[in-house]
Amino acid sequence: MFLFTCIAWCRCTETLTVTPNVHPADLLHLVRNLYHSADNGDATLADDPVWIQAQVLKTSAARGINTESNWPGVGTCRLDGNGDFVSTNRLDNFLAVCRSRGLKPHVVCGTIAPSAVGGASASGWAQAQWDSYAMYAEAYVRYVALRYTGAGFDQAVFEVENEMDSANYPSKSAWFMTDNKYSTGSIEAYNGYYRLFRIWAGAVEKVAKEHPAKELFIAGPAATTYTFKYGTMQSVNHLSWMEKLAVDCARDHVRLDAVTYHEYGAALDTIGLPPGDQTLQDRSTMIRNRLDAVGLSTTRLWVTEWGADENITSPINCNEVGAAYTAAFLMLAPLTPIDAGTFLLYSDVPDGDHRWTWPAMLHGVYRKAVFNVFDLFNKLPGATCAVEKSAGWPPQVKPIASADGNMVGIILANYGRWSPGRVDLSSPRDVNLRICNVSGTYAQVSEFVIDHDHSNVWTQLISKSLPAQQKPLEKVQDYSAIVTDGTLVLPDRTLAKSAVHMWVVKTDGFSYASGAPSILSQPVSITVTAGRPATFTLSATGAATLSYQWKQGTTNVGTNSPTLTIRVAQAANTGSYTCMVTNGVGNVTSNAATLTVTPYPQ
């Protein structure tokens, strides 16, 4: 193995040790799951700068809000007199974006009452009207999955409503309520939502059952941070919608593929956190534990909107503080039970001072600091490395490292924003990097920086000093370094407040420890319902390069990866699974894990 040591010289010297040939659960894959899906409620044309900019994220999915009404708001999706589905220009334009850019559509549905069903509020609907709405929901699902341009989409997510637990915002109050009739997160509002969710879940379940080759997901409630815990809001009847939805769906055998919520500028860790408040780990673990407790262990946990601040006019969404938040979130979220995320994009609207806020493309030329963070993470090579921090490592400096056969990538984020007070508590940090067991005499080093003065268009916007052209991501140094006795020592660097710094080091290779592979964590037996995904994973170590061969019984399945995913589990997939890990020295076979596929609930 080779060891990478990062030493901080502020007050005391601390070390960070990285072992590159240990692959902890394909962490880079989890990191990128947090930004490979983008969200915009307004950009519905394929050539919109928002979706052009989204390609920086290497986006594989798009989340669309407000697709059930026409732009500028006249007319809705509905069923005509023959019972056929009538789409809107916004839905069709959004699906056109997905088709032209090869994106999986993630549609937010159930946001309005179709005009043909009867009225903007369903609080007084008769059963016949609810039956008509159920027919509409099924037709909507069929349109997206099967009928759009004659083929539909093989993969699609249907997320029921958007922030309906937040009655503080009239525009987000559930359409089946009288305006602000219920308080934020109340049980009355939840009961209305659950009735709505069951209708859409039934529609998705029916279409998925008829077309098992289609990978369709039902998700909700897209909750806000107002309802993370029971009994903590203004009145005693406030509750966690995510927990309640898990309990009710399990009890009633209602399909729930993903529990979703939104995460804006909330505390990532314990730095500056008021007593009793929740960290990212606390919030996600609470929901994961509830899902597992009620038997929904395969239900995913998805942050379907995230960003540095919920206020789209806040400058931190595009300056160095937002960039440092983004890097810290990408490092911390994969260490929690969160499975995936959707990064929010928004169209820029300049004011009189030419200030743009929420992350998006600036006239097709300028890229904000947040997008440069995604560029850094896209540059990380190979697989993530297991990291071991000494006890005194400064908690504000977040690390991630990865390596392949001849390259190491290291990102450090100096992040310390105290969310409740919106105060930046980070301070400059001096760091020194040492990489050990390096083969050869020289190494090529590239350094990239995002801080107040680098890779940050905001500082030029507010000073009105935008150049004719700007490099999206600034490489501050490119140089050769000498390897002495197998050790590479890099020059000292200072991380500014709210700074993100990356080193990319290319060498002749590394002196990996020789030895046959060994299994660090074994695959675990799972039970899933037919039509839902099933995933096995393991981690292994040994001399590079490791290869993986999964087997169902004696039959080879899967790809060369420590993770095996069966996207649409069927009865034929029931059985025993093992994985053989091989390198040039030898091989080892994992323990057997059993997949049990149960029928659809009737």
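Note: the structure precedes this text.
These remarks concern the structure in this document. Here the structure is a predicted model, which means the values were calculated and not measured.

## As for the nonpolar core
Counting residues in each nonpolar core, the largest one holds 114 residues, and the members touching the most others are Tyr 140, Phe 158, Phe 197, Trp 200 and Phe 377. The greatest single-element share of this core, amounting to 13 residues, is contributed by helix H5 (residues 187-210). If near-sequence neighbours (up to four positions away) are discounted, Phe 158 is found in contact with Val 107, Cys 109, Tyr 140, Val 141, Val 144, Val 204, Leu 216, Phe 217, Ile 218 and Ala 219. In this structure, Val 431, Leu 433, Tyr 479 and Trp 503 belong to the second largest nonpolar core, which totals 22 residues.

## Some thoughts on the pattern of salt bridges
Enumeration over the complete set of coordinates arrives at 20 salt bridges. One network of salt bridges, in which partners are shared, links Arg 198, Lys 244, Asp 248, Arg 251 and Asp 252.

## Re the packing of helix H3 (residues 89-101) against helix H4 (residues 127-147)
H4 packs onto H3 with a crossing angle of 30 degrees between their chain directions and a minimal axis gap of 11 Å. By the angle class used here, H3 and H4 are roughly parallel. Handedness of the H3/H4 crossing: right-handed. Across the interface between the two elements, Leu 91, Asp 92 and Leu 95 of H3 pack against Tyr 140, Tyr 143 and Val 144 of H4. Of the residues in the contact of H3 with H4, the class split is five nonpolar, no polar and one charged.

## Considerations on the pairing of strand E7 (residues 104-109)
In terms of residue burial, E7 counts as a mostly covered element, since five of its six residues are buried. Note: strand E4 (residues 61-64) against E7, four bridges, orientation parallel. In the sheet register, Ala 61 faces E7, and the bridge partner there is Lys 104. Two strands pair when backbone bridges link them, and E7 and strand E8 (residues 155-160) are joined in this way by four bridges, in the parallel orientation.

## Considering the sheet that holds E7
In spatial order, the strands read E3-E4-E7-E8-E9-E10-E11-E12; together these eight strands close into a barrel with parallel pairing. The mean angle between the axes of side-by-side strands here comes to 25 degrees, regardless of whether they run parallel or antiparallel. The sheet contact formed by strand E3 (residues 37-39) and E4 spans three bridges and is parallel. Bridge pairing links Ala 38 to Ala 62 in E4.

## Quick word on the environment of Tyr 264
Within the secondary structure, Tyr 264 is located in strand E10 (residues 258-264). On the accessibility criterion, Tyr 264 (14% relative accessible area) is buried. Not counting residues within four places of it along the chain, the set of residues in contact with Tyr 264 comprises Glu 163, Glu 305, Trp 306, Gly 307, Ala 308, Asp 309, Glu 310, Tyr 325, Leu 344 and Trp 358.

## So, helix H7 (residues 280-293)
In this model, H7 (14 residues) spans 20 Å end to end at C-alpha, consistent with the 20 Å of a helix rising 1.5 Å per residue. Residues of H7 that are buried: Leu 280, Arg 283, Ser 284, Met 286, Ile 287, Arg 288 and Leu 291. Looking at the buried residues of H7, the elements they touch are helix H6 (241-252), E10, strand E11 (300-307) and helix H8 (320-332). At the C-terminal side of H7, Gly 295 shows a positive phi close to 90 degrees.

Definitions and cut-offs
- Every chain's residues receive numbers from 1 upward, in the order its sequence appears when written.
- Where totals are concerned, whole chains, interfaces and linings use all residues; where local detail is concerned, this predicted model gives features only for residues with pLDDT of at least 70, and gives and counts side-chain atom pairs only at 80 or more.
- The basis for the side-chain values is all heavy atoms of the structure; hydrogens and waters are excluded.
- Think of a nonpolar core as a cluster: buried Ala, Val, Leu, Ile, Met, Phe, Trp, Tyr and Cys residues, connected wherever their side-chain atoms sit within 4.5 Å.
- Here's how the labels work: a residue is buried when its accessible area is under 20% of the maximum for its type, exposed when over 50%, partly exposed in between, all with a 1.4 Å probe on protein chains only.
- Only runs of H or I of at least four residues qualify as helices and only runs of E of at least two qualify as strands under DSSP, and these elements are numbered from the N terminus.
- Contact between two residues is taken to exist if any of their heavy atoms lie within 4.5 Å; hydrogens are not considered.
- Salt bridges are defined as contacts in which a side-chain nitrogen from Lys or Arg sits within 4 Å of a carboxyl oxygen from Asp or Glu.
- Interaxial angle, 0 to 180 degrees, is taken between N-to-C directions of lines fitted to C-alpha atoms, where a helix line uses only the stretch in contact.
- Any angle that falls under 35 degrees is termed roughly parallel, while one over 145 is termed roughly antiparallel, one within 65 to 115 roughly perpendicular, and all others oblique.
- Take the far helix as the reference: if the near one is turned anticlockwise from it by less than a right angle, the crossing is left-handed, and if turned clockwise, right-handed.
- Each residue is assigned to one class: nonpolar for Ala, Val, Leu, Ile, Met, Phe, Trp, Tyr, Cys and Pro, charged for Asp, Glu, Lys and Arg, and polar for all the others, Gly among them.
- For two strands to count as paired, DSSP must find a minimum of two bridges between them.
- Take the number of residues in a helix, subtract one, and multiply by 1.5 Å to get its expected span.

Note that every value here comes from positions in space, so none of it alone points to a role or purpose.
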